[in-house]
Amino acid sequence: MKRIGVLVSGGGTNLQAIIDACENGTIKSGKVVTVVSNKKDVYALERAKNAGIEGVVIEKKSFDSLAEFDKALCDHMKSRNVDLIVMAGFLCIVGDKFIGEFENRIINIHPSLIPSFCGAGFYGLKVHEAALNYGVKVSGATVHYVTGVVDGGKIIKQKAVYVQEGDTPETLQKRIMEEAEWKILPEAIEEICASI
Ligand code: GRF
């Protein structure tokens, strides 16, 4: 059983999808051992607590530099003997030390079909606003490895979702989560845990 650490910043619906997948057997080769949030009082921490999983807050502002914040994240994951780190709606960019220590062991979910609408500044509703402004008829979600290039690591899984007439950033975000993110993230986790 591989040990999974999840990084969150918000509501944690992707975390919930991972927890549910561990319970229903979609994820059978790994288990979530720790959830780390870079923000206090986010609902994702409540979801961890409800599932009996440790929830920890590590805030950037508690450290003098990005390097120290990075080291704290890294030390925490090492102390829990984590095999795979999953960024599930984690809105911080991590540094080279962290990425280097866990090379090919950090994955992220992004709510578009990379290489469209990704990179620095494309997070949350901004991604869906950009997709609608461009007029794309198909968007979706991507699970990829995390490297020093934002949203630039090798793609693991993608799922397309059609844009519908009258979509707003909010309705598109919701459909992409339901039809793509909550499916491909647990599937990718199982495939990686089964193979490392
Ligand atoms: C998701 O759309 C995810 O793809 C993006 O941020 C959102 C997080 O949602 N990176 P949640 O916290 O998992 O509900």
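Quick notes on the rules
- Going along each chain's sequence as written, the residues are numbered from 1 onward.
- Only residues with pLDDT of at least 70 get local features here, since the model is predicted, and only at 80 or more are side-chain atom pairs given and counted; chain-wide, interface and lining totals rely on the full set of residues.
- Note: side-chain values were computed over all heavy atoms of the structure, leaving out hydrogens and water.
- Residues enter a nonpolar core if they are buried and are Ala, Val, Leu, Ile, Met, Phe, Trp, Tyr or Cys, with the set joined through side-chain atoms within 4.5 Å.
- Exposure categories follow from relative accessible area, calculated using a 1.4 Å probe and restricted to protein chains: below 20% of the type maximum is buried, above 50% is exposed, and the middle band is partly exposed.
- In this description a helix means any DSSP run of H or I spanning at least four residues, a strand means any run of E spanning at least two, and both kinds are numbered starting from the N terminus.
- We call two residues in contact when some of their heavy atoms are within 4.5 Å.
- Put simply, a salt bridge is a Lys or Arg side-chain nitrogen that is within 4 Å of an Asp or Glu carboxyl oxygen.
- In these notes, residues near a molecule or strand are those with any non-hydrogen atom within 4 Å of it.
- Whenever a nitrogen or oxygen atom comes within 3.5 Å of another N or O atom, the pair is scored as a polar contact, on the condition that within protein one atom can donate a hydrogen and the other can accept it, and that pairs from neighbouring residues in sequence are kept only if both atoms are in side chains.
- Accessibility throughout is a Shrake-Rupley quantity obtained with a 1.4 Å probe, and a residue counts as covered only by protein chains that appear here.
- Three classes are used: nonpolar for Ala, Val, Leu, Ile, Met, Phe, Trp, Tyr, Cys and Pro, charged for Asp, Glu, Lys and Arg, and polar for all others, with Gly counted as polar.
- The pairing criterion for strands is at least two bridges between them, as found by DSSP.

Asker: Could you give an account of the nonpolar core, with specific residues and numbers?
Answerer: Formed by 39 residues in total, the largest nonpolar core has its most connected members in Val-6, Ile-18, Val-35, Val-86, Ile-107, Leu-185 and Ile-189. In terms of residue count, the dominant contributor to this core is helix α6 (residues 169-195) (nine residues). In this view, Ile-18 contacts Val-6, Ile-27, Val-32, Val-86, Ala-88, Leu-185, Pro-186 and Ile-189; residues no more than four positions away in its chain are not counted. Grouped together as the second largest cluster of nonpolar side chains are 21 residues, Val-36, Phe-69, Ala-72 and Phe-90 included.

Asker: Explain the pattern of salt bridges to me, using residue names and the numbers behind them.
Answerer: Counting across every chain of the model gives ten salt bridges. We note a salt bridge from Glu-101 to Lys-78, for which the minimum N-O separation is 3.1 Å. Taken as a pair, Glu-101 in helix α4 (residues 96-101) and Lys-78 in helix α3 (residues 66-79) lie far apart in primary sequence, 23 residues in all. A relative accessible area of 36% means that Glu-101 is categorised as partly exposed. Here Glu-101 ties to Lys-97 by a salt bridge, and the two come within 2.9 Å at their closest N and O atoms.

Asker: How would you summarise the site of the ligand if you had to cite specific residues and measurements?
Answerer: Inspection of the region around the ligand gives Gly-11, Gly-12, Thr-13, Asn-14, Gly-89, Ile-109, Pro-111, Met-177 and Glu-181 as its neighbouring residues. A distance of 2.9 Å separates an oxygen atom of the ligand from a polar atom in the backbone of Asn-14. Within the backbone of Ile-109, an N or O atom sits 3.5 Å from a nitrogen atom of the ligand. Contact with the protein chains removes 88% of the 370 Å² of surface that the ligand exposes when unbound. Looking at the shell around the ligand, its residues break down into three nonpolar, five polar and one charged.

Asker: Any details on the pairing of strand β6 (residues 138-145)? Residues and values, ideally.
Answerer: Summarising burial for β6: seven of the eight residues are buried, a large majority. Note: strand β5 (residues 106-110) against β6, four bridges, orientation antiparallel. By the bridge assignment, Ile-107 is partnered in β6 with Tyr-145. Pairing of β6 with strand β7 (residues 155-162) involves seven bridges; the strand directions are antiparallel. Its bridge partner being in β7, Thr-142 is matched across the sheet by Gln-158.

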